[in-house]
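A look at the structure
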Amino acid sequence: MSTATRQPAAQPVDRKPATMGQALGRALRDAMADDPDVHVFGEDVGTLGGVFRVTDGLAAQFGPDRCTDTPLAEAGILGTAVGMAMYGLRPVVEMQFDAFAYPGFEQLVSHVARMRNRTRGRMPMPLTVRVPYGGGIGGVEHHSDSSEAYYMATPGLHVVAPATVADAYGLLRAAIASDDPVVFLEPKRLYWSKADWNPQEPDAVPGIGKAVVRRRGSSATLITYGPSVPVCLEAAEATREDGAEGWDLEVIDLRSLVPFDEETVAASVRRTGRAVVVHESPGFAGPGGEIAARITERCFHHLEAPVLRVAGFDIPYPPPMLEQHHLPGVDRILDAVARLQWESDYTESPGSAEGRGGGVV
Amino acid sequence: MSGVPRLPAPQPTHEEVLVMTVLEQPGAYAPAPPPSWRPRTDAGPLLPDTEPYRVLGTRAAGRREGSGPEAELLRRLYAAVVRGRRFNEQATALTRQGRLAVYPSSRGQEACQVAAALALREHDWLFPSYRDTLAAVARGLDPVEVLSLLRGDWHHGYDSPGTRVAPLCTPLATQLPHAVGLAHAARLKGDEVAALALVGDGGTSEGDFHEALNFAAVWQAPAVFLVQNNGFAISVPLAKQTAAPSLAHKAVGYGMPGRLVDGNDAVAVHEVLCEALDRARAGGGPTLVEAVTYRLEAHTNADDATRYRTDDEVEAWRAHDPVTLLEHELRGRGLLDEATVREAEEAAEQQAAKLRERMHQDPSLDPTQLFAHVYAEPTPQLRDQAARLRAELAAGEETR
Ligand SMILES: Cc1ncc(C[n+]2csc(CCOP(=O)(O)OP(=O)(O)O)c2C)c(N)n1
Ligand SMILES: [Mg+2]
């Protein structure tokens, strides 16, 4: 099943503003229409249409057996999804929020991720786990986690995060079509982001495992995904407008963390010679560490500076009133770019001296 | 799938099967399993009533005298639910004014909230969920401190060890094993302490609910579980949540008594909880209480309840309102004069006004405190991050 299964409409339909949430809903609807084995289930996904309304209308259109409100139990949702996949269905389950996926962790890690391997390929797990994820929406405790590092550290899971309306549709179709389990991370704060889009003729997008250069540049490469993509693009525009430094930043949207598109990243960094990885997830043992290591391995002789990371702090996700201090923003990204040894001498990070002095916190 | 066998025809009777298998087995033949399998408890006494236990508006209530400790309790419960209702209204209003990030209202559930708080003794512990701010407030905690989480202020605002109220818990049912562990620990230490854990109907589907109840029963921990069955888990009605005869019936499978009670009848809930807590403290083990109630408001201010329930249903529950039930009873027994009503309403209004005033002041959170309390001692990395944030903040001050 490809992402371009829809017939082009006879009359070209105008592209209209659509939100990422709508594109995701449309992807589910089209996948269900195209394949009777696609079943959507989870907490509040039926009658309510999901707390973010992504599954709105699916129960009405396809009936409660195809779009089902389950009992409130994430381990049960993922565990039954495993059984349904064993019997040939293609489950698409929703974890209501990032931090509420954790009760299902055992099923995900012990079964979903390794069933193909355990059964020597006889029992693939073609299921999709949709997870509204990340912060920036003023959510109280447990509603804003960036949990991708756990999933990335689990061999057998694909980990995908769209950042655009077109990708939301195309990547979710690809995830559902995939014969491997996909953890599909939907950046909550981009649910309401808009782009001109045509549901009759959704843009063909590259499949899972391909990164995309969102902005061409020559000075340095910002490598990011999901909710931080618009922030990096904004940072790139801001520095262009700011005549003083005038960096021309390239921005790569990874789109999929597993598989990781080393080629696109390495080609870019070899060209620019400098790289900053940006994500919301805590920096320590986070995705940026893996990415930076791979860049160093592949591009060492092309690098003008160490690969830097701009990440969430190494703290439990903060309360709404402080989350703006936690999330990587334009200033913090440009500050990292400024530290990429433009003058050949290493530039001290502001405050790092104090940090080494062991200032109390 | 093709080629899959259909369900088999009805099996031969038990006896026939046995005969078929033992024919090949020489030696001793015992048709029934040995006695060691037998259940160790009689299920009968554990079973809940078929109808929710009620006191208000029943003859049992009429028999009570017009004065004495019972009258006193009725008046206390009444004052507390009036205050509780007003608290809920005020918190909802504050949410509309942007002063709370979110508010899961317990409007309609005030009897459970208040009864839970008043049933506790000083050294008992309460384990609330996000919907149980009122229970904590009714226990005497500072409302502003209790609302810290929902305000978007620090995740937790009150002194848990000092108040013996665990932090409001958002991941569903995860507080239940904590309550069991704490209650068990108290017993190991020889303390006469019970833990009362609150959970919703939806939360009973989580694995942690099962594990907590099983541990509690096996350990005979002094824990009481109060399920506020308010009809819904966000949009999902109880019928999609469980096929059990009642949630209280679940107790039987763990070997603890299940009690079914009218959750809008503050006196009934209070009585059932007091009995269960007394039994727990005395070493009699845990109890599961299902309180049948209704969430009159949407799940939170962010929810649209019209998507999944009808006004008729809500109206029917409005007629069985916890505040009215108590008021009716008190008036019927001549325990409520206008002065008492005015007193309760004034106290409620005062509490609300104070809350309003305090919540309209912006809290000032120091961002550099984000790095405190992640560990007992911050790691070198955290120190570095704190220093960077401080530098950022200082730079921000300069450019301003
Ligand atoms: C483990 C977990 N999964 C999902 C959620 C999201 N969620 C918050 S409240 C809720 C419904 C809970 O219903 P119930 O237990 O009946 O409590 P009520 O809200 O009705 O008081 C859900 C699904 C959560 N908080 N925790
Ligand atoms: Mg409920």
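Here the structure is a predicted model, which is why all the values come from computation and not from measurement. (Residues numbered from 1 in each chain as written. Chains lettered and ligands numbered in written order. Predicted model: local features only at pLDDT ≥ 70, side-chain atom pairs only at ≥ 80, totals over all residues. Heavy atoms only, no water.)

1. Remarks on the overall build of chain A
A tally of helices and strands in chain A yields 13 helices and 14 strands. Against the 2.2 N^0.38 benchmark of 21 Å for 361 residues, chain A shows a C-alpha radius of gyration of 21 Å, consistent with a compact globule. Overall size of chain A, expressed as C-alpha extent along the three principal axes, is 65 × 50 × 45 Å. Buried positions account for 57% of the 361 residues belonging to chain A. Taking all contacts inside chain A whose residues are at least 6 apart in sequence as the whole, residues at least 24 apart take part in 81%. Across chain A, the centroid of the 33 positively charged side chains sits 6 Å from that of the 47 negatively charged ones. (Helix = DSSP H or I, 4+ residues; strand = E, 2+ residues; numbered from the N terminus. Rg over C-alpha atoms; globule rule 2.2 N^0.38 Å. Buried < 20%, exposed > 50% of the residue type's maximum accessible area, 1.4 Å probe, protein only. Contact = heavy atoms within 4.5 Å. Lys, Arg positive; Asp, Glu negative; His and termini not counted. Charge placed at Lys NZ, Arg CZ, Asp CG, Glu CD.)

2. Comments concerning helix α15 (residues 322-332) of chain B
Residues and elements named next belong to chain B. Turning to α15, its buried residues number three or more, namely Pro322, Val323, Leu326, Glu329 and Leu330. Buried residues of α15, seen end-on, are gathered within an arc of 135 degrees and therefore sit on one face of the element. Those residues of α15 that are exposed and angled more than 90 degrees off the buried face are His328 and Gly332. Phi turns positive one or two residues past the end of α15, at glycine 334, with a value near 65 degrees. (Arc of directions from axis to C-beta.)

3. Section: the sheet that holds strand β6 (residues 158-160) of chain A
All names here are of chain A. Taken in spatial order, the seven strands line up as β3-β2-β4-β5-β7-β6-β12 in an open sheet, and their pairing is mixed. Edge strands, defined here as strands with exactly one partner in the open sheet, are β3 (67-69) and β12 (256-258). Between one strand axis and the next, the sheet turns by 20 degrees as a mean value, whatever way the strands run. Note that strand β4 (residues 90-94) and strand β5 (residues 128-133) share three bridges and pair parallel. If you follow glutamate 94 over to β5, its bridge partner there is arginine 130. Along the sheet face, helix α1 (residues 20-34) touches β2 (38-42), β3, β4, β5 and β7 (182-187) and points at about 130 degrees away from the line of β2. (Pairing = 2+ DSSP bridges. Axes fitted to C-alpha atoms, helices over the stretch in contact; angles between N-to-C directions.)

4. Observations concerning the side chain of aspartate 303 of chain B
Among the structural elements, aspartate 303 of chain B can be located in the loop between β7 (287-292) and α14 (311-318). What makes aspartate 303 of chain B buried here is its relative accessible area of 14%. Looking at aspartate 303 of chain B, its side chain comes within polar contact range of the main-chain nitrogen of histidine 299 of chain B, at 2.9 Å. With residues up to four places along the chain from it excluded, the contact list for aspartate 303 of chain B reads Leu48 of chain A together with Ile234, Arg295, Ala298 and Tyr308 of chain B. (Polar contact = N/O pair within 3.5 Å; in protein donor to acceptor, adjacent residues only side chain to side chain.)

5. A closer look at the UniProt feature "domain: Transketolase-like pyrimidine-binding" (unreviewed entry) in chain A
Here the UniProt-annotated "domain: Transketolase-like pyrimidine-binding" (unreviewed entry) positions come out as residues 18-193 of chain A. Between the first and last C-alpha atoms of residues 18-193 of chain A the distance is 8 Å; the span itself is 36% helix and 17% strand. (UniProt positions renumbered as here; feature names shortened; annotations may be inferred.)

6. Some remarks on the coordination of the magnesium ion (ligand 2)
Residue and element names in this part refer to chain B. Those donors, Asp201 (OD), Asn230 (OD1) and Phe232 (O), are the protein atoms that reach the magnesium ion (ligand 2), and they lie 2.0 to 2.1 Å from it. If you list the donors of the magnesium ion (ligand 2) from N- to C-terminus, the spacing comes out as D-x28-N-x1-F. Relative accessible area serves as the criterion here: at 5%, asparagine 230 is assigned to the buried category. (Donors = N, O, S within 2.8 Å, 3.2 Å for Na, K, Ca; no water.)

7. A word on the sheet that holds strand β2 (residues 195-200) of chain B
Pairing between the strands of a sheet is mediated by backbone hydrogen bonds and can be parallel or antiparallel. Residue and element names in this part refer to chain B. The strand order across the open sheet built from five strands is β1-β2-β3-β7-β6, with neighbouring strands paired in parallel fashion. Bordering the open sheet on either side are β1 (125-127) and β6 (258-262), each of which pairs with just one other strand. For this sheet, the mean angle separating the axes of adjacent strands, direction not counted, is 20 degrees. Judged from the six bridges that link them, β2 and strand β3 (residues 223-229) form a sheet pairing that is parallel. Along β3, the bridge assignment pairs leucine 196 with valine 224.

8. Examining the domain arrangement of chain A
Residue and element names in this part refer to chain A. The domain boundaries assigned to chain A delineate domain 1 (16-197) and domain 2 (212-348). If you look at the interface, domain 1 gives 27 residues, while domain 2 gives 23 residues. Of the roughly 1,900 Å² buried where domain 1 meets domain 2, counting both sides, 58% is carbon and sulfur surface. At the surface where domain 1 touches domain 2, the tally comes to three salt bridges. One salt bridge in this structure joins aspartate 167 and arginine 214, with 2.8 Å as the shortest N-O distance. On the surface where domain 1 and domain 2 come into contact, there are 12 residue pairs in polar contact (both at pLDDT 80 or more). Only α6 (148-152), β6 and α7 (165-177) provide two or more residues apiece to the side of domain 1 that touches domain 2. Here the residues of the side of domain 1 that touches domain 2 are counted per class, giving 14 nonpolar, nine polar and four charged. (Domains from an automatic or database assignment. Buried area = accessible area lost by both parts, 1.4 Å probe. Salt bridge = Lys/Arg side-chain N within 4 Å of Asp/Glu carboxyl O. Nonpolar A, V, L, I, M, F, W, Y, C, P; charged D, E, K, R; others polar.)

9. Focus: the packing of aromatic side chains
All names here are of chain A. As enumerated under the stated definition, the model contains 17 aromatic pairs over all chains in all. On the basis of an interplanar angle of 80 degrees and a centroid distance of 6.0 Å, the ring pair of phenylalanine 105 and tyrosine 150 is categorised as edge-to-face. Here phenylalanine 105 is found in helix α4 (residues 105-112), whereas its partner tyrosine 150 is found in helix α6, with 45 residues between them in sequence. Given the relative accessible area of 27%, phenylalanine 105 is considered partly exposed. Aromatic rings pair up to connect Phe52, Phe97, Phe100, Tyr191 and Trp192 into one cluster. (Phe/Tyr/Trp six-rings, centres within 6.5 Å; stacked < 30°, edge-to-face > 60°.)

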